[in-house]
Amino acid sequence: MNPRFTNALSQMPEALADAVAPMLTPRFAGHLTAGQIEELSEKSGLNGSELFLALLPIAAALAYVPISNFYVGCLAHGESGDIYMGANMELSGEALFHSVHAEQSAISHAWLAGERKLVGMTVNAPPCGHCRQFMTEMNNNENLLIRLPNIPEKTLNHFLPFAFGPADLGIEEGLLDGKDYGMTLESDDALVQRALKEANLSYAPYSNTPAAIALETKEGDVFVGRYAGNAAYNPSLPPMQMALNAMMREGIGFDQIVRAVLVEGSNGHVSFVNSTSNALATISSVELEAYQC
Ligand SMILES: [Zn+2]
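Parameters at a glance
- Residues numbered from 1 in each chain as written.
- Predicted model: local features only at pLDDT ≥ 70, side-chain atom pairs only at ≥ 80, totals over all residues.
- Heavy atoms only, no water.
- Axes fitted to C-alpha atoms, helices over the stretch in contact; angles between N-to-C directions.
- Helix = DSSP H or I, 4+ residues; strand = E, 2+ residues; numbered from the N terminus.
- Contact = heavy atoms within 4.5 Å.
- Nonpolar A, V, L, I, M, F, W, Y, C, P; charged D, E, K, R; others polar.
- Buried < 20%, exposed > 50% of the residue type's maximum accessible area, 1.4 Å probe, protein only.
- Polar contact = N/O pair within 3.5 Å; in protein donor to acceptor, adjacent residues only side chain to side chain.
- Donors = N, O, S within 2.8 Å, 3.2 Å for Na, K, Ca; no water.
- Domains from an automatic or database assignment.
- Salt bridge = Lys/Arg side-chain N within 4 Å of Asp/Glu carboxyl O.

Draft legend 1. The arrangement of the packing of helix 9 (residues 239–249) against helix 10 (residues 273–283) in detail. At a minimum axis separation of 9 Å, helix 9 and helix 10 run at an interaxial angle of 35°. Every residue of helix 10 that contacts helix 9 at M240, Q241 and L244 is listed here: T276, A279, L280 and I283. Residues of the contact of helix 9 with helix 10, tallied by class, amount to five nonpolar, two polar and no charged.

Draft legend 2. Molecular detail of helix 8 (residues 190–200). If you check which residues of helix 8 are buried, you get L191, V192, A195, L196, E198, A199 and N200. For helix 8, the N-terminal cap is D189; the gap from its side-chain oxygen to the backbone nitrogen of L191 is 2.9 Å.

Draft legend 3. Looking closely at the coordination of the zinc ion. Coordination of the zinc ion by the protein is provided by H101 (ND1), C128 (SG) and C131 (SG), with metal-donor distances spanning 2.2 to 2.3 Å. If you list the donors of the zinc ion from N- to C-terminus, the spacing comes out as H-x26-C-x2-C. Taken together, the residues H101 in the loop between strand 3 (83–87) and helix 5 (102–112) and C128 in the loop between strand 4 (118–123) and helix 6 (129–135) connect sequence positions 27 residues apart. Relative accessible area serves as the criterion here: at 24%, H101 is assigned to the partly exposed category.

Draft legend 4. Structural view of the domain arrangement of the protein. Taken domain by domain, the protein consists of domain 1 (3–163) and domain 2 (190–292). Placing the centre of domain 1 and that of domain 2 at their C-alpha centroids yields a distance of 23 Å. At the junction of the two partners, domain 1 supplies 26 residues and domain 2 supplies 33 residues. Taken together, the links from domain 1 to domain 2 amount to two salt bridges. Applying the counting rule to domain 1 against domain 2 returns 16 residue pairs in polar contact (both at pLDDT 80 or more). Looking at the side of domain 1 that touches domain 2, the elements that each hand over two or more residues are strand 3, helix 5 and helix 6. If one sorts the elements of the side of domain 1 that touches domain 2 by residue count, helix 5 sits on top with six residues. Residues that form the side of domain 1 that touches domain 2 fall into these classes: 13 nonpolar, nine polar and four charged.

Rendered as structure tokens:
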């Protein structure tokens, strides 16, 4: 069992802790399949919301919070039945706008895994305004069920009435819909092609600049982040922060990065080169490789 989760297990019902411990492998990054959820339910005797709320300490243990020391854990529930955990992240000693919230983390986790629709979110603290706005970007936001400890389950509409969302700007697509921008780039560099693939799957209806980053580690692993735009602009999740958050979920230190490749569209209203370089410089001496297509 991964020692990252020792404290989390001590906060859970014993039967559930015993059942989930073997699933917490050294590379566990917060993904539980529908089959694993069923097994946990059978072995723990917990069902639905009871089970999801009881699993939150595992998600919160994925956080990296050197500034706030406030651990937020979240489960995003895919239509497939799989669960994608997320947790908050801050960059040590750096401006707070680099922060990723637990809900953003869980949603991006599901999106990167190919999930097309979320049916619910379970969080250990009420979602902040920023996250309520971020969740509004999803295609089924009106029916998205929010589960919190000690608060009745309600849909996102209840938590964000009179919302301003994509439809107010004439956008019909939603985050997770799976649009492919179809950009191409001549390069036989596998990391560049991976960043291109992810940029094509990014969500940029407002900036019209699809973008993604691919980070390679000393071990040869690759972590990616896609741009997730937002109708209210500021709650958008930049590609670099999404990729760093994916590393964090897996417990990989940022000092392991050996290459960073950004690919972005060249016909949009914005560029991510400067902001990505800045974020990278806060955690690594690696130079950003940037491509436009
Ligand atoms: Zn938040």
